[in-house]
Every structure is written in C-alpha cells, then in structure tokens.
Amino acid sequence: MPRTALIVIDMLNTYDHEDADALVASVREALPGITTLLEHARASESPVVYVNDNFGEWRSHHGEILGAALAGRHRSLVEPIAPDENSLFVVKARHSIFFETPLAYLLGQLKVERLVLCGQVTEQCVLYSALDAHIRHFDVVVADGAVAHIDADLAEAALRMMSRNMSADVCAVEDVVFDG
C-alpha cells in the first residue's frame, strides 16, 4: 500500500461566519469519525497534516489559528481534534488545500501517495481538494462519516462526483486503513 497521510481540512474554525449555523450540526456528526481517523493515523505513525484557512489574517500562523478557534463559540468542536506535537500544518487562503500552498512539496518530501481527506466543507473545500489531489496523481480516500457539510444535497452530489469523476474511494471511517 502506498504511504498514506491524513489531511484534516479547515477544522480549526471560529464558526464566526455566515454559514456557521448550518455547518455546526454537521460538524458535530462528523467529529467522532474525525477523531477516530486521527487516532488510527497517529497509532500507525502516518503523517497528519492540518490544512486550514487563515480567514484573511495574513499575519497568522498555526498557533494563532488554533488559539482563535479554541476561543471561539464552539470550542467543543475544536478541542477533540486539535493538533498534537507531531502534526504538520499548512495555511491556505482558498478552497483547495493545494492552491498556492507548499502541500504538494511537503507530501513529496514525505513520500506520500495516498491522501485520506476529512473535515469541512464537503461540497466546497473537500471537493476542490479532492479534485486537485486527483490532478496531482494522489490516490484519494474520503471518509464520508468524517466530513461536514452546509447543504446535505450538495454534499451528497459532491461525494458522488469525487467517487465517479476523481476515482476517490468514498468509504466509511471504519474501512479506512493507514499504513504507517
């Protein structure tokens, strides 16, 4: 099996934005799946990479982003999935985890060929990231119990698109295997 990395997308969130109320319930549902993936990836010593929006704060770094998220109104959605001391971190400014970030270089240095995507938002950042990963010839896995959405119908369509158009393995959290 190719070397696998867990990519945690936009989970360090203050939930202080227009779509937050629609998103929070779905994040609560996805949280157990995300924590399970984190436990399994860490136990197998697979790389865990948090790729997070900087929310337009161009002077921010990962500690500030985490601090702001923990100080936000939904701390309980951030604490269980907070990065540990071995986690890697990439700041992004747009929807895709790859757009103008050093992520592809980092994954190359780690000799990663397979990405397990989890986080938010299924029909936005997860979808665009899966497409960009596919274009870069990564094998893509999307754990459908570990992604959160704003619009359930669009999320279902996005998961179908990832499976059909990007050859992503859309599967249950318990079916995700990390190779270490």
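Below: a short report on this structure. (Residues numbered from 1 in each chain as written. Predicted model: local features only at pLDDT ≥ 70, side-chain atom pairs only at ≥ 80, totals over all residues. Heavy atoms only, no water.)

## Observations regarding the layout of surface pockets
Here is step 1: Its boundaries defined by the atoms lining it, the largest pocket holds a volume of some 270 Å³.
Here is step 2: Around the largest pocket, the lining is made up of 16 residues, and of these D10, D53, V121, Q124 and C125 lie nearest the centre.
Here is step 3: Looking at the lining of the largest pocket, its residues break down into six nonpolar, five polar and five charged. (1 Å grid on protein atoms, 1.4 Å probe; cavity = no way out; pocket = protein on both sides within 12 Å on 5 of 7 lines; lining within 4 Å. Points joined across faces, edges and corners; volume = space filled by probe spheres on them. Nonpolar A, V, L, I, M, F, W, Y, C, P; charged D, E, K, R; others polar.)

## Some words on the environment of A148
Here is step 1: Along the chain, A148 falls in strand β5 (residues 139-148).
Here is step 2: Considered as a pair, A148 and S26 are 122 residues apart in the sequence and their alpha carbons are 5.0 Å apart. (Helix = DSSP H or I, 4+ residues; strand = E, 2+ residues; numbered from the N terminus.)

## Comments concerning the sheet that holds β5
Here is step 1: With parallel pairing, the six strands of this open sheet are ordered in space as β3-β2-β1-β4-β5-β6. Either end of the sheet is taken by a strand with one partner, and the two such strands are β3 (88-92) and β6 (169-171). Strand after strand, the sheet turns through a mean of 25° between neighbouring axes, direction not considered.
Here is step 2: Both strand β4 (residues 114-120) and β5 contribute to a ladder of six bridges, which runs parallel. Pairing of L117 across the sheet is with V142, part of β5. (Pairing = 2+ DSSP bridges. Axes fitted to C-alpha atoms, helices over the stretch in contact; angles between N-to-C directions.)

## Quick look at the side chain of K92
Here is step 1: Structurally, the position occupied by K92 is in strand β3.
Here is step 2: Separated by 3.0 Å, the side chains of K92 and D10 make a polar contact.
Here is step 3: Setting aside its immediate chain neighbours within four residues, K92 contacts I9, D10, V51, N52, D53, N54, I97, T101 and C125. (Polar contact = N/O pair within 3.5 Å; in protein donor to acceptor, adjacent residues only side chain to side chain. Contact = heavy atoms within 4.5 Å.)

## Some details on the environment of A30
Here is step 1: With respect to the helices and strands, A30 occurs in helix α1 (residues 20-43).
Here is step 2: If sequence neighbours within four positions are ignored, A30 has contacts with G145, A146, V147 and A148.

## Details of helix α2 (residues 62-71)
Here is step 1: Residues I65, L66, A69 and L70 constitute the buried set of α2. An end-on view of α2 places all buried positions within 130° of arc, on one side of the element. (Buried < 20%, exposed > 50% of the residue type's maximum accessible area, 1.4 Å probe, protein only. Arc of directions from axis to C-beta.)

## Some points on a negative patch on the surface
Here is step 1: A cluster of like negative charges, contributed by D144, D151, D153, E156, D169, E174 and D175, occupies part of the molecular surface.
Here is step 2: Structurally, the position occupied by D169 is in strand β6.
Here is step 3: Taking relative accessible area as the criterion, D169 reaches 39% and is therefore assigned partly exposed. (Patch = residues over 30% accessible without salt bridge, like charges linked within 9 Å, V, L, I, M, F, W, Y side chains within 5 Å. Areas by Shrake-Rupley, 256 points an atom, 1.4 Å probe, with all protein chains shown as cover. Salt bridge = Lys/Arg side-chain N within 4 Å of Asp/Glu carboxyl O. Lys, Arg positive; Asp, Glu negative; His and termini not counted. Charge placed at Lys NZ, Arg CZ, Asp CG, Glu CD.)

## Some details on the packing of aromatic side chains
Here is step 1: For the structure on display, the rule yields one aromatic pair.
Here is step 2: Ring centres of F98 and F138 lie 5.8 Å apart, and the angle between their planes is 25°; this geometry places the pair in the stacked category. Pair noted here: F98 is in the loop between β3 and α3 (103-109) and F138 is in the loop between α4 (122-135) and β5, with a separation of 40 residues, a long-range link.
Here is step 3: Judged by its relative accessible area of 4%, F98 is buried.
Here is step 4: Taking the relative accessible area as the measure of exposure, F138 reaches 12% and is therefore buried. (Phe/Tyr/Trp six-rings, centres within 6.5 Å; stacked < 30°, edge-to-face > 60°.)

## Some details on unusual backbone geometry
Here is step 1: Of note, the amide linkage connecting Q120 to V121 takes the cis form, showing an omega dihedral of 0°.
Here is step 2: Topologically, V121 is positioned in the loop between β4 and α4.
Here is step 3: A positive phi angle, near 60°, is found at E45, a position not held by glycine.
Here is step 4: The class for E45 is exposed, based on a relative accessible area of 66%.

## Quick word on the side chain of S46
Here is step 1: Topologically, S46 is positioned in the loop between α1 and β2 (48-53).
Here is step 2: According to the relative accessible area criterion, S46 is buried, its value standing at 7%.

Remember that the coordinates give geometry; whether it matters functionally is a separate question.
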